[in-house]
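What follows is each chain in one-letter form.
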Amino acid sequence: MSQLINNFPADGVVTINRVILKPEYTIDDLQERVAVLCENVKTYHSDTGFVGGFVALNSGAVSNEGSTIGQAVESPMKDKEALIITFWNSFEEHEASHKSETFQPLFQQVLELCENGNEEIAYEMLWSGAAYDPEQAKAAREAKETHAA
């Protein structure tokens, strides 16, 4: 299994928080508070289970090629919804990080922005992989054509 997050173990845990901004807050508010929170996690939990993470903002684009729910033009959650995705060695280490005294006040500041409260779901990684480089892609296509019959 190729790894998109360096040093993420094959049996690691991925957690996802879905944030829907309250109308009185902006993306800048979200970025500021999440940056401070993420810096805290990196500082205090890089040696106690945290492997990496990222935050993604709903761009509004809807894939009509990849969606089966109709031909939407733009997501109504554009610039209002974000996902905070983190990677951990274990669920237990993740949970311990949330109990730390340095984490909780910063987490509460992020929750103030949330219209939807917070539900953080943990997932077990089933697959991850990076794209082939051009030479590998050519070889993979050739192998498929050779062995497809």
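Parameters and conventions
Residues numbered from 1 in each chain as written. Predicted model: local features only at pLDDT ≥ 70, side-chain atom pairs only at ≥ 80, totals over all residues. Heavy atoms only, no water. Helix = DSSP H or I, 4+ residues; strand = E, 2+ residues; numbered from the N terminus. Pairing = 2+ DSSP bridges. Axes fitted to C-alpha atoms, helices over the stretch in contact; angles between N-to-C directions. Contact = heavy atoms within 4.5 Å. Buried < 20%, exposed > 50% of the residue type's maximum accessible area, 1.4 Å probe, protein only. Phe/Tyr/Trp six-rings, centres within 6.5 Å; stacked < 30°, edge-to-face > 60°.

Asks: I'd love a proper account of unusual backbone geometry, names of residues and values included.
Replies: Notably, D79 is not glycine yet its phi reads approximately 60°, a positive angle. Along the chain, the position of D79 falls in the loop between β2 (50-57) and β3 (81-88).

Asks: Now, about the sheet that holds strand β1 (residues 13-20): what can you tell me, with residues and values included?
Replies: In any sheet, the strands associate via hydrogen bonds between backbone groups, in a parallel or an antiparallel arrangement. Across the sheet, four strands lie side by side as β2-β3-β1-β4; this open sheet has antiparallel pairing. One side of each edge strand has no neighbouring strand; the edge strands of this open sheet are β2 and β4 (120-124). Neighbour-to-neighbour, the strand axes of the sheet open up by a mean angle of 20°, direction not taken into account. This element, helix α1 (residues 27-45), spans β1, β2 and β3 of the sheet and lies at about 175° to β2. Against the sheet, helix α2 (residues 91-98) engages β1, β3 and β4, with an angle of about 120° to β3.

Asks: Go over the pairing of β1 with me, naming the residues and quoting the values.
Replies: Two faces make up the sheet, and in a regular strand the side chains alternate between them. Counting buried positions over the eight residues of β1 gives six, a clear majority of the element. Pairing analysis gives eight bridges linking β1 to β3, with the strands arranged antiparallel. By the bridge assignment, N17 is partnered in β3 with I84. Two strands pair when backbone bridges link them, and β1 and β4 are joined in this way by five bridges, in the antiparallel orientation.

Asks: An account of the packing of aromatic side chains is requested, with residue identities and associated values reported.
Replies: Two measures describe an aromatic ring pair: the distance that separates the ring centres and the angle between the ring planes. Under the defined criterion, the tally for this structure stands at four aromatic pairs. Look at F8 and F87: their rings are 5.1 Å apart centre to centre, the planes differ by 80°, and that puts the pair in the edge-to-face class. Of this pair, F8 sits in the segment before β1 while F87 sits in strand β3, and the two are 79 residues apart along the sequence. Ring centres of F50 and W88 lie 5.3 Å apart, and the angle between their planes is 65°; this geometry places the pair in the edge-to-face category. Of this pair, F50 sits in strand β2 while W88 sits in strand β3; the two residues are 38 residues apart in sequence, bridging distant segments of the chain. Take F50 and W88: they sit in the same class, and that class is buried. Among the aromatic residues, those joined into a ring-pair cluster are F8, F54 and F87.

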